[in-house]
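# Structure at a glance
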Amino acid sequence: MAGRRYRGGRGSADSSQRDVPAARSTSRGRGAPAADPNRDPAELAREICLRQLAVRPRTRAELATALHRRGIAEDVIDQVLDRYDEVGIINDEAFARAWVTSRHHGKGLARRALAGELRRKGVDAEAVDEALDELDPQTEEETARVLVARRMRVERNAAPDAAFRRLVGMLARKGYPAGLAIRVVKDALAAEAETAEFADGIDPDALAEAAGPGE
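In what follows, the accompanying structure is described. Not measured: the values here are computed from a predicted model.

Cut-offs used in this document
- Residues numbered from 1 in each chain as written.
- Predicted model: local features only at pLDDT ≥ 70, side-chain atom pairs only at ≥ 80, totals over all residues.
- Heavy atoms only, no water.
- Salt bridge = Lys/Arg side-chain N within 4 Å of Asp/Glu carboxyl O.
- Helix = DSSP H or I, 4+ residues; strand = E, 2+ residues; numbered from the N terminus.
- Core = buried A, V, L, I, M, F, W, Y, C linked by side-chain atoms within 4.5 Å.
- Buried < 20%, exposed > 50% of the residue type's maximum accessible area, 1.4 Å probe, protein only.
- Contact = heavy atoms within 4.5 Å.
- 1 Å grid on protein atoms, 1.4 Å probe; cavity = no way out; pocket = protein on both sides within 12 Å on 5 of 7 lines; lining within 4 Å.
- Points joined across faces, edges and corners; volume = space filled by probe spheres on them.

Evaluation of the coordinates by the stated rule reveals 17 salt bridges. Notably, a salt bridge pairs Arg145 with Glu141, separated by 2.9 Å at the nearest N-O pair. Within this pair, Arg145 and its partner Glu141 are both found in helix 9 (residues 137-155), separated by four residues, close to a single helical turn. In this structure, Glu155 engages Arg151 in a salt bridge whose closest nitrogen and oxygen atoms are separated by 3.4 Å. Remark: Arg151 and Glu155 occur in helix 9; sequence separation between them is four residues, near one turn of the helix. Three or more residues joined by partner-sharing salt bridges are found here, namely Arg39, Glu43, Glu47 and Arg51.

In terms of nonpolar packing, the biggest core is built from 20 residues, with Val148, Phe164, Leu171, Tyr176, Val185 and Leu189 touching the most fellow members. Elements that contribute at least two residues to this core include exactly helix 9, helix 10 (160-173) and helix 11 (178-190). Setting aside anything within four residues of it in sequence, one finds Phe164 in contact with Ile182, Val185, Leu189, Phe198, Ile202 and Leu207. The next biggest cluster of nonpolar side chains, apart from the first, holds 16 residues, and it includes Ile48, Leu63, Leu67 and Val76.

Let's shift gears to the layout of surface pockets. Of the pockets and cavities examined, the largest pocket occupies roughly 160 Å³. What lines the largest pocket is simply His104, His105, Gly106, Lys107, Gly108, Glu142, Thr143, Val146, Leu147, Arg150 and Lys174. Mapped onto the lining of the largest pocket, the elements with two or more residues apiece are helix 6 (92-107) and helix 9. When residues in the lining of the largest pocket are grouped by element, the largest group, five residues, is from helix 9.

The analysis is restricted to geometry; functional conclusions fall outside its scope.
See below:
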């Protein structure tokens, strides 16, 4: 009998374990509004938006995407987001300006890279252009020079041609045009005795032209 009770106890444990996946599946949605068919869709949409905005500012397109994923109807999305536009809770123009300032000073990104990021976030072309107008060419060039000066400490012992390629590549990845990147790197190499001779042989215009249009 004792053996039977023992086996029965194991059977109970196995039965409870079979319920674990169900419990885990419900925990995945922790922190997200419950999908209650009886809830007012607009109320649910507002709750989703506020949760998104509590993490960081969002564009209208980002919020619309989040609402679509939760199955909110198009007319409800428009209603909620139009209201948020009216009261200033979302403002793509202000978002774009803040994004340009933050990402340029924080990451050293140039206009081209910033424009790409904003477009991917759904900011329209006019708002992107207006935000980028606040980043003037002189400021962009000064930032490029600071980035190269910092990286030169790492590249100091590298062969001049390798350092040149890596420095230009670093600026290119941050969205700087080829002509500007090559000129800034040439100036940085020319200022160092060890690489000055190599820098004298660099023709920024010819290299930028070889890089192709739009570079």
